[in-house]
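As a plain string of letters, each chain reads:
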Amino acid sequence: MQEKCWKDKMLFRYLFILLILLPIKVFALIEVDITRGNLNPLPVAVSPLSIDKNSKSNFKKILNKENLGSEISIIVENNLKQSGLFNPLNKDAFLQEPDIANLKPRFEDWNLIKAQALVTGKVTFVDEKLRVEFRLWDVLAGKEMMALAFTTVPNNWRRVGHIITDKVYERLTGEKGYFDTRIIYISEEGPKTNRIKKLAIMDQDGFNNKFLTLGNELVLTPRFSPTNQMVTYLSYFKNLPRVYLLDIETGMQEVVGDFPGMTFAPRFSPDGKKIIMSFAKDGNSDIYTMDLENRIVERISNHPSIDTSPSYSPDGKHITFNSDRSGYQQIYVMSSSGKNVKRISFGSGLYGTPVWSPRGDLIAFTKLHKGKFYIGVMRTDGTGERLLTENFYQEAPSWSPNGRVLIFYRETKTNKKGEGFSAKLWSIDLTGYNEKMVVTETDASDPSWSSLLSN
Amino acid sequence: MNRSVTISFGLHTLLFIVTAMSLPFLAKKPIDLPPIISVELIQITDKTNIPFAPKAKKIIEKVKEKEKKLVSEQAPPKKIKKQKPDAVPLPDEKIEKIKKIKDKKQNPKKVETEIKQISEFEQKELFDSNNIAALIDKSKVESAETNKKLDKVTQNQDKDMDFAGLTLSEEDALKAQIFGCWSIPLGLPFNEDLLVRIKLQLKPDGSIIRSEVLDHARMNKPGQKFYKVLAESALRAIKLCQPLRVPSTGYERWKNMQLNFDAREMLEG
């Protein structure tokens, strides 16, 4: 016992001496919390891609393009600008030639024009193919952030521009891009009483527009498969609604089935193996799924009210839909088996067309309140409702594959008297500030955004 | 055996005493500075030995005019020291007496350090007009002493600042500068743990010697793209902002600094 007491004393003494010997003057490290920044788009310099004389003349013969390097850089520039997150700088201010900039940029020169990131590259004609190298530089740190090369057939030159943008976007924002994608929509022509509606597809920037149907049948609500380049849509054949599947790559079309009564908005499940839709059976609209392999139809919701516009969550475990079971149209969420139905929208007005974000965090919707239409988003539990845009008539939001931008259609009156109308596609990002019209050859409605063509 | 134990004991005791002596909390005892400040007489006594109060104002004005000229000449302290014994020998004797008295009471080392501090203080206060006036007009002695006391307090505050953080205004100036430079990547999800801590080593002018992301390993982990993007944006902001708006004094206290970049507030909007 005494020995233990003595040991304790010794230990205490040693500790005391150790404390004395420790450095006495200690500076507390100053910490400063930076909780705000500016939301200005990042200044980026997209240098024209350098191209040698031989490649230039070859591409001129094949593609009829004077300078393919410049053309590709313009695609990248326009994409970055369209995103609202970047501010591509005017090329007139560039001090360094593209060929030298690609080898080793003089960062002082790029710093001078306030560029924070720089894209350089090189285009060559190799074995009848287009080879594009590009580099992304951090101007302030004076280091290379990324370097990639693509080889493809020359006709894919626009896609190369989109892929470069996706890579730059991903490296600078941390999330995947949405530029190498396509949009399927309903092209509309003619007076409102005799509208010709065709299925059309284009690149997300409006180029390479193609019509997929002739316009002799009414087509509605095309939706892309999240896993491949398949499209499902609704078409009326002899005044009966039919759900179709269309393979974009091959152009092959097949009828999924004839459904009774009013059928609405077929949409793929996240794995692409099922289609979810609503149709009226015995006068009651409910939600059903159809297995694309065995064509078995399964009833998901069962309620005397009108349930429509179903959309799966990206994990496939939940479904959001709109229903008037509370007296007027609101948004609900349930499990994929149809259980645990829960209302999530409680604001005034009518809510419809809910679409679950591919990122899983938000649900986009259309809201009608006091005669005006809004496109908005809310969290999946119904909190944090934000209305992004307001107009006379607009609806049908569709998410970009990264869950950052929404595309929808808007009808506007063409003159002050309210005579005539025009339907156009518009995009808006989640901030609500970056709203832009997507240029289409004809009037357009019901857009659906594809997943990335290349991963 | 006994011998080595004795030597060890002796050396440890010596080490203990030396360490204990050098401890600042043991050494720090306030010393009355006012008597020593009488050294300041030196500059004035060359020209003013006049105790008459009515003339005091004129003399003060003259001295004030000369102060402006003297400020530039003040720089070399050695000259001033040389002037001291020539002008007034008595105060030095006083200092010596004080030293001796204090030597008996306190540790010699500590007094030396305190005297050094006083000499620095003297250099700053050499041309204090209140002191001069107090010497000319005795009625001002009291007020001069109170001023000295106040000055003493601020000196202590300066010492404390070495251990304190930035003042609110200093911090605000720095924050405002970085707010302008930091372009928050708008694509970041607001529900992620997005706090980037960057440790900086700064030069006295606010330019950056070294910057280091504290959780650097996280930047290269799979699935941490957002963190990497945010960290890079924060590093860009620092580089864009440099030289940082740092205080003009107290380099020791802020030469190492940590900036915590937190984007959640902005992204949640």
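About the thresholds
Residues numbered from 1 in each chain as written. Chains lettered and ligands numbered in written order. Predicted model: local features only at pLDDT ≥ 70, side-chain atom pairs only at ≥ 80, totals over all residues. Helix = DSSP H or I, 4+ residues; strand = E, 2+ residues; numbered from the N terminus. Rg over C-alpha atoms; globule rule 2.2 N^0.38 Å. Buried ≥ 20, exposed ≤ 12 C-beta atoms within 10 Å, placed from the backbone. Pairing = 2+ DSSP bridges. Axes fitted to C-alpha atoms, helices over the stretch in contact; angles between N-to-C directions. Contact = placed C-beta atoms within 7 Å. Core = buried A, V, L, I, M, F, W, Y, C linked by C-beta atoms within 7 Å. pLDDT = per-residue confidence, 0-100. Nonpolar A, V, L, I, M, F, W, Y, C, P; charged D, E, K, R; others polar. Parallel < 35°, antiparallel > 145°, perpendicular 65-115°, else oblique. Left-handed = near helix turned anticlockwise from the far one by under 90°. Expected span 1.5 Å × (residues − 1). Domains from an automatic or database assignment.

### Digging into the overall build of chain A
Then, in step 1: When helices and strands are tallied, chain A shows six helices and 31 strands.
Then, in step 2: Computed over its C-alpha atoms, the radius of gyration of chain A comes to 28 Å, more than 25% above the 23 Å expected for a compact globule of 455 residues.
Then, in step 3: A principal-axis box enclosing the C-alpha atoms of chain A has dimensions of 95 × 80 × 50 Å.
Then, in step 4: The proportion of buried residues among the 455 residues of chain A is 43%.

### Focus: the sheet that holds strand 19 (residues 307-312) of chain A
Residue and element names in this part refer to chain A.
Then, in step 1: Spatially, the four strands line up as an open sheet ordered 19-20-21-22, and their pairing is antiparallel. Single-partner strands in this sheet number two, and they are strand 19 and strand 22 (342-343).
Then, in step 2: Summarising the sheet, strand 19 and strand 20 (residues 318-323) pair through four bridges and their orientation is antiparallel. Counterpart to Thr308 in the pairing with strand 20 is Asn322.

### With respect to the sheet that holds strand 2 (residues 208-213) of chain B
Then, in step 1: Strand order across the open sheet formed by four strands is 1(A)-3(B)-1(B)-2(B), with mixed pairing between neighbours. In the strand order of this sheet, the two ends are held by strand 1 (30-34) of chain A together with strand 2 of chain B, each with one partner. Strand-to-strand, the axes of this sheet are offset by a mean angle of 25°, without reference to chain direction.
Then, in step 2: Bridge count between strand 1 (residues 195-202) of chain B and strand 3 (residues 256-262) of chain B: seven bridges; the pairing is antiparallel. When the sheet's bridge partners are listed, B:Leu200 is paired in strand 3 of chain B with B:Met257.
Then, in step 3: Packed onto the sheet, helix 13 (residues 225-241) of chain B meets strand 1, strand 2 and strand 3 of chain B and runs at close to 30° relative to strand 1 of chain B.

### A few points about the nonpolar core
Then, in step 1: Counting residues in each nonpolar core, the largest one holds 68 residues, and the members touching the most others are A:Val44, A:Ile72, A:Ala117, B:Ile198, B:Leu230 and B:Ala234.
Then, in step 2: In terms of residue count, helix 13 of chain B provides more of this core than any other element does, eight residues in total.
Then, in step 3: When residues no more than four places from it in sequence are discounted, the contact partners of B:Ala234 are B:Trp182, B:Val196, B:Ile198 and B:Phe261.
Then, in step 4: Residues A:Leu234, A:Tyr351, A:Val355 and A:Leu362 belong to the second largest nonpolar core, which totals 65 residues.

### Structural notes on the confidence of the model for chain A
Then, in step 1: Here chain A shows a mean pLDDT of 88. Residues at 70 or above account for 94%.
Then, in step 2: Highest mean pLDDT in chain A belongs to strand 21 (residues 330-335) of chain A (96); lowest belongs to helix 1 (residues 2-21) of chain A (69).

### Describing the interface of chain B and chain A
Then, in step 1: The interface is formed by 42 residues belonging to chain B together with 30 residues belonging to chain A.
Then, in step 2: Mapped by element, the contributors of at least two residues to the side of chain B that touches chain A are helix 1 (2-22), helix 11 (168-181), helix 13, helix 14 (251-254), strand 3 and helix 15 (264-268) of chain B.
Then, in step 3: Per-element tally for the side of chain B that touches chain A: the top contributor is helix 13 of chain B, with eight residues.
Then, in step 4: Tallied by class, the residues present in the side of chain B that touches chain A amount to 24 nonpolar, nine polar and nine charged.
Then, in step 5: By the bridge criterion, five bridges tie strand 1 of chain A to strand 3 of chain B in an arrangement that is parallel. By the bridge assignment, A:Asp33 is partnered in strand 3 of chain B with B:Asn260.

### A short note on the environment of B:Gly10
Then, in step 1: Summarising the element assignment, B:Gly10 is placed in helix 1.
Then, in step 2: Separated by 215 residues in the primary sequence, B:Gly10 and B:Lys225 place their C-alpha atoms 61 Å from one another.

### Re the packing of helix 11 of chain B against helix 13 of chain B
Residue and element names in this part refer to chain B.
Then, in step 1: Running from amino to carboxyl end, helix 11 crosses helix 13 at an angle of 115°, the nearest separation of the two axes being 8 Å. Between helix 11 and helix 13, the crossing angle belongs to the class labelled roughly perpendicular. Once helix 11 is placed against helix 13, the crossing between them reads as right-handed. Judged by residue contacts, Gln177, Ile178 and Cys181 of helix 11 engage Ala237, Leu240 and Cys241 from helix 13.
Then, in step 2: Here the contact of helix 11 with helix 13 is composed, by residue class, of five nonpolar, one polar and no charged.

### Quick notes on helix 1 of chain B
Then, in step 1: Under the 1.5 Å per step criterion, the end-to-end length of helix 1 of chain B is 30 Å for 21 residues, consistent within 8% with the ideal 30 Å.
Then, in step 2: Within helix 1 of chain B, only zero of the 21 residues are buried, which leaves the element largely exposed.

### Looking at the domain arrangement of chain A
Residue and element names in this part refer to chain A.
Then, in step 1: We note that the domain assignment places domain 1 (42-173) and domain 2 (182-449) within chain A.
Then, in step 2: Summarising the inter-unit geometry, the C-alpha centres of domain 1 and domain 2 are found 36 Å apart.
Then, in step 3: A total of three residues in the side of domain 1 that touches domain 2 trace back to one element, the largest contributor, which is helix 3 (residues 68-83).
Then, in step 4: Classifying every residue of the side of domain 1 that touches domain 2 gives no nonpolar, four polar and one charged.

### Brief notes about unusual backbone geometry
Then, in step 1: Residue B:Gln242 is joined to B:Pro243 through a cis peptide bond whose omega torsion reads 0°.
Then, in step 2: In this structure, B:Pro243 sits in the loop between helix 13 and helix 14.
Then, in step 3: Positive phi outside glycine occurs at A:Thr221, with the angle close to 40°.
Then, in step 4: Here A:Thr221 shows up in strand 11 (residues 219-224).
Then, in step 5: A positive phi angle, close to 40°, is found at A:Thr353, a residue other than glycine.
Then, in step 6: Tracing the chain through its elements places A:Thr353 in strand 23 (residues 350-356).

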